[in-house]
Amino acid sequence: MKEMRIVVLILLSSIGFSLQAQVRDTIDLEGQWKFQKDEKDLGVNEKWYNKTLDGEIELPGSMRVRGKGDPVTLETQWTGSIYDSSFYFNPRYKKYRQPGDVKFPFWLTPEKQYKGAAWYQKEVVIPKTWKNKHIKLFLERAHTETILWIDSVKVGMRNSLVAPHQYELDSLLSPGKHRISLRIDNRIKNINVGPDSHSITDHTQGNWNGMIGKLKLTATAPVYISGVQAYPDLNAKEVNLKIALASMEGIGDEGRLEIWGSSFNSERKDSIKRQSYSYAYEGKADTLHLSIPMGDDFLTWDEFDPALYLLKLKLHSATSEEDQYQVQFAMREFKTDGKNFTINGRPVFLRGTVDNAVFPLTGYPDMDLDSWLRIFRIIKAHGLNHVRYHSWCPPEAAFKAADLEGLYLQPEGPSWANHGTALGVGRPVDKYIYQEANRMARQYGNYASFCMMAYGNEPRGRQVEYLSSFNAYWKKKDPRRIYTGASVGGSWPVIPNNEYMVRGGARDLRWKNSAPQTKANFERAIANFDVPFVSHEMGQYCVFPNFKEITKYKGAYKAKNFELFREDLKDHHMASQAHDFFMASGKLQALCYKYTIEKALRTPDYSGFQLLSLNDYPGQGTALVGVLDAFWDPKPYINKEDFREFCNSTVPLAEIPHFVFTTTEEFTAVLEVSHYGKQALQKDLFWEIKAEDGQLIKKGSFPHSSLSFGLNKIGSIEADLDSVVTPGKFTLSVNVQGTSFHNHWNFWVFPAKTPEIRPDFYTCTSLNEKAKEVLRAGGKVFLNAAGKVVKGEEVKQTFLPVFWNTSWFQMRPPHTLGILVNPRHPIFTEFPTSYHSDLQWWSIVNNTQVMNLEDFPESFKPLIQPIDTWFMNRRLAMIFEAKVGKGKLLVCSVDLQDPGKDAAAHQLFYSLRKYMESKDFDPKQEVELSVIEDIFESPSKQQFNNYSKEGPDELKPDQKK
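Residues numbered from 1 in each chain as written. Predicted model: local features only at pLDDT ≥ 70, side-chain atom pairs only at ≥ 80, totals over all residues. Heavy atoms only, no water.

Under an unreviewed UniProt entry, the protein chain has the name beta-galactosidase and belongs to Christiangramia fulva. Heading Catalytic activity (unreviewed entry) of the UniProt record for the protein chain holds this comment: "Hydrolysis of terminal non-reducing beta-D-galactose residues in beta-D-galactosides." Per UniProt, the protein chain carries the Sequence similarities (unreviewed entry) text "Belongs to the glycosyl hydrolase 2 family." (UniProt positions renumbered as here; feature names shortened; annotations may be inferred.)

This is how it looks when you write it as structure tokens:
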């Protein structure tokens, strides 16, 4: 058992501890506690606070982390919506529903699960020196509701999801031995923030039961500083303080307050001169209002130079011993100016990610500074400067780390008031949101990184009235940050007094019906907004699971969802292709993020984006949308340097009309630079166009280009392509002289007309008698099956990958994740390609039928293989070849001859015909003709069925039905 210790906590300059606390005696409560589950809610009536509990548990921690709770079964009651209930009924999933080895596809699976009351108990010895002192119990983060007894006296209840649970214990802890008993209950009760809120849901951190972070008793002087709020005023060159004083005796006090401080994390040092102020007040508490001059040369805080100050206060009371307090703050002003954000008067563009409370080893947030510094350094290494916390608020360590690294944060109240709850309709959650927001402002309001705030995510109810009042309340109460009612999708009503919008409707690529280009932007979609517009949950482009990640889940959670998908892929005879699917789909995902972010950056008056998200979201059906995994570790198909090319404070941009050119065209591009750096620049810009083999096609420069804040038009680039002899990939590269800022774009050049070929094979649009005769005779047949596919017609393919995941949205298209090809196969001799989707494939792949090869031999692999959603794992094909009897057959489900398609499609058709003419066309894989014919006659045996009623708020169905 860990021994209890008494220490004096003196915080002078260390940033590893709370910078907003008194100097006080402390009894550390970490270590072994007594513990007992209370599944039947007997503890209160049976007065468990008067007995010694049966078990033990180590804290800080949770029941789940400490192996407490119930085994996970099909009957486990989760906290969270399940939109696709097919797992519980689909015969295909039967083997994953076996007792003792249940594998849920919705989210990570904990070893233990518990929803209810549990008791925690610890004996403490209060020293004689604490007599007549102000004593407080501090539980940095408890989940969710705590009820406290000291010995046999009930003290009260706390239920914050955003801030520490603190109890005043002045009269209850006399010197000597005492018993602390806590009943913690993690059930949703009358206050329902929403079962999918990231503060509580099993989709993300999980609905845990326990206490984490600092757990301690503190004692300070009878007259003490109970809190300090710092309000920087850059124009007045001062910081205004609200200093809360309190007295145990409630009879008032008078005395002297000393204040001084200094910067502590910047190269240039600055100090705040020691000053002394007299005070006097009556009653139990009062608040002093002081203005502290900062001088003419104070340091400011932003993403480039996050200079911080530590302010120290010493209270000299006439009736009590002295008390000390210190607070971290910064001189910064985060505001709006029309449609733009500003930091200290300079325009800023928010390049953000959503943090969804994903902590796969513990199921609860990291509480230490180093863990958050690691996360924020990874975020900044990818060119981002902003984080939104979706329906949850991180702990104090996150704010401290963000202050040090220079991140603009948008924490939110702990609510996604939807899926069974609502705002503004008279429920207890209405008041609770205000209480929680006030706790956030009190606990974290001095941190410079706390720049923005919303109630939470996508509510229902009388949201306009409720959130308008919420905004008005906070704009009047605390000007240190800016406010938006909620982070919402594009169909939610507009809250008229939002200071900025976090909203859908102006995000992502529109490549379903038009070819990729980089001229379009979001200008029309945001034209009606007169405040800054930040894109809500941008991206959500999926990648196939990386099954190598499974071994990383060594803590409270196991990746049973990944195990299920891996086994299902094996059952579909494609286990050997798992890594190739992952890499190929990842390349497409990275491409989509590049062109989406660039589209945002080239939109005038666009103010920022919030990716959903930089790292994976393992819940809501398993949403593998990150270029990082759930552990914030990189995936091998893109690195941080490549990501920063198109996501940075300064990004070269190019408006390119299309990416497939012919040799009769001129390549054109309009060069721009998005610049939101530390200061305006004047730099030479250099550009060049090279072939894939490194041959220089053309180069040029734009000398002395002025890069002011915002979007800068630089000039035009033209290059004739008539000298291109061989079809190929070319690259336009742009770099800003003397900086690390550069970017590039690939494009493809093909002949305007392909050479004529006199085929020696039979071409048909169905397997007619002539085709069968040719095959029986040992001949070659090309089947253009476009529009004729039946087995696979349910699979909807576009160029873009799956959005979020097909389970959460009940198989909403698209269903595929790009394509996989072998670029060394001779069918591609005349068609430049890598192993994955790229922009030259758009006309070929987009809105094209695919074939389901479910009855083909187990080892069969197609030549062009669409990668299916991992929830179905169908073996798909756009082109395959097979030996049919004595003959050779090549089948294609896209009409490459279509005159409406671009030169890339026509070039692939030419390459295909040349291949079929050559001796290389010699398929080795044998397939029965009847099996091939069935593709055009019978629907797929494996069909999606969600087995559930319509309705977006449907929870897991009754198992008895």
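Participant: Sorry if this is basic, but what is going on with the packing of aromatic side chains here?
Facilitator: In this description, an aromatic ring pair is defined by two values, namely the gap between the centres and the angle between the planes. Enumeration according to the criterion identifies 68 aromatic pairs in this entry. When the ring of Trp48 is compared with that of Trp119, the centres are 5.8 Å apart and the planes differ by 55 degrees; the resulting orientation is tilted. Remark: Trp119 occurs in strand E10 (residues 117-126) and Trp48 occurs in the loop between strand E4 (31-38) and strand E5 (55-59); sequence separation between them is 71 residues. Trp119 matches Trp48 in its accessibility class, with the two residues each being buried. Between the aromatic rings of Phe529 and Phe533, the centroid separation amounts to 5.4 Å while the plane-to-plane angle is 45 degrees, which identifies the pairing as tilted. We classify Phe529 as buried; its relative accessible area is 15%. An aromatic cluster is present here, built from Trp78, Phe87, Tyr88, Tyr93, Tyr96, Phe104, Phe106 and Trp107 joined pairwise through their rings. The side chain of Arg158 reaches across the aromatic face of Tyr167, ending 4.3 Å from its centre. (Phe/Tyr/Trp six-rings, centres within 6.5 Å; stacked < 30°, edge-to-face > 60°. Helix = DSSP H or I, 4+ residues; strand = E, 2+ residues; numbered from the N terminus. Buried < 20%, exposed > 50% of the residue type's maximum accessible area, 1.4 Å probe, protein only. Lys NZ or Arg CZ within 6 Å of the ring centre and 35° of its normal.)

Participant: I keep staring at the UniProt feature "domain: Glycosyl hydrolases family 2 sugar binding" (unreviewed entry) in the protein chain and nothing clicks. Help me out?
Facilitator: Within the UniProt annotation, "domain: Glycosyl hydrolases family 2 sugar binding" (unreviewed entry) is assigned to residues 29-211. In the segment residues 29-211, helix accounts for 0% and strand for 38%; the C-alpha atoms at its two ends are 11 Å apart.

Participant: Explanation requested: the pairing of strand E27 (residues 350-355) in the structure shown.
Facilitator: Each regular strand carries side chains that alternate between the two faces of the sheet. Taken across its six residues, E27 has six buried, putting it largely inside the fold. Side-chain alternation along E27 places Leu350, Gly352 and Val354 on one buried face and Arg351, Thr353 and Asp355 on a second face that is also buried. Where E27 and strand E37 (residues 608-612) come together, four bridges link them in parallel fashion. Residue pairing for E37: Gly352 is matched across the bridge by Gln610. As judged from the four bridges shared by E27 and strand E28 (residues 386-389), these two strands associate in the parallel manner. When the sheet's bridge partners are listed, Thr353 is paired in E28 with Val387. (Pairing = 2+ DSSP bridges.)

Participant: Where do I start with the pattern of salt bridges in this structure?
Facilitator: If you walk through the whole model with that rule in mind, you get 59 salt bridges. As a salt-bridge pair, Lys552 and Asp629 come within 2.6 Å of each other at their nearest N and O atoms. Of this pair, Lys552 sits in the loop between strand E35 (533-539) and strand E36 (557-558) while Asp629 sits in the loop between E37 and helix H7 (640-646), and the two are 77 residues apart along the sequence. One salt-bridge network, in which partners are shared between bridges, spans Asp41, Glu145, Arg183, Asp185, Arg187 and Lys189. (Salt bridge = Lys/Arg side-chain N within 4 Å of Asp/Glu carboxyl O.)

Participant: Got a minute to help me understand the environment of Lys570 in this structure?
Facilitator: Within the secondary structure layout, Lys570 lies in helix H5 (residues 560-571). Separated by 303 residues in sequence, Lys570 and Asn873 place their C-alpha atoms 9.1 Å apart.

Participant: I'm lost on helix H3 (residues 428-444) in this one. Help?
Facilitator: Because an α-helix completes one turn every 3.6 residues, residues spaced three or four positions apart along the sequence face the same direction. Its 17 residues give H3 an end-to-end C-alpha distance of 24 Å, which sits within 8% of 24 Å, the value for a rise of 1.5 Å per residue. Extensive coverage of H3 is indicated by the burial of 13 of its 17 residues. (Expected span 1.5 Å × (residues − 1).)

Participant: Got a minute to help me understand unusual backbone geometry in this structure?
Facilitator: Most peptide bonds take the trans configuration, and most residues that are not glycine carry a negative phi. Going from Leu59 to Pro60, the amide bond is cis rather than trans, its omega being 5 degrees. With respect to the helices and strands, Pro60 occurs in the loop between E5 and strand E6 (61-62). Residue His143 is joined to Thr144 through a cis peptide bond whose omega torsion reads 0 degrees. A positive phi angle, near 55 degrees, is found at Lys47, a position not held by glycine. Topologically, Lys47 is positioned in the loop between E4 and E5. The exposure class assigned to Lys47 is partly exposed, which follows from its relative accessible area of 46%. Of note, the phi angle at Gln540 is positive, near 60 degrees, even though the residue is not glycine.

Participant: Teacher, can you tell me more about the packing of helix H1 (residues 369-381) against helix H2 (residues 396-405) here?
Facilitator: In a pair of packed helices, the angle between the axes and the distance between the axes together describe the arrangement. With their axes 8 Å apart at the nearest point, H1 and H2 run at an angle of 45 degrees to one another. In terms of axis orientation, H1 runs oblique to H2. Note that H1 runs across H2; the crossing there is right-handed. Across the interface between the two elements, Leu369, Trp372, Leu373, Phe376, Arg377 and Lys380 of H1 pack against Ala397, Ala398, Lys400, Ala401, Ala402, Leu404 and Glu405 of H2. (Axes fitted to C-alpha atoms, helices over the stretch in contact; angles between N-to-C directions. Parallel < 35°, antiparallel > 145°, perpendicular 65-115°, else oblique. Left-handed = near helix turned anticlockwise from the far one by under 90°. Contact = heavy atoms within 4.5 Å.)

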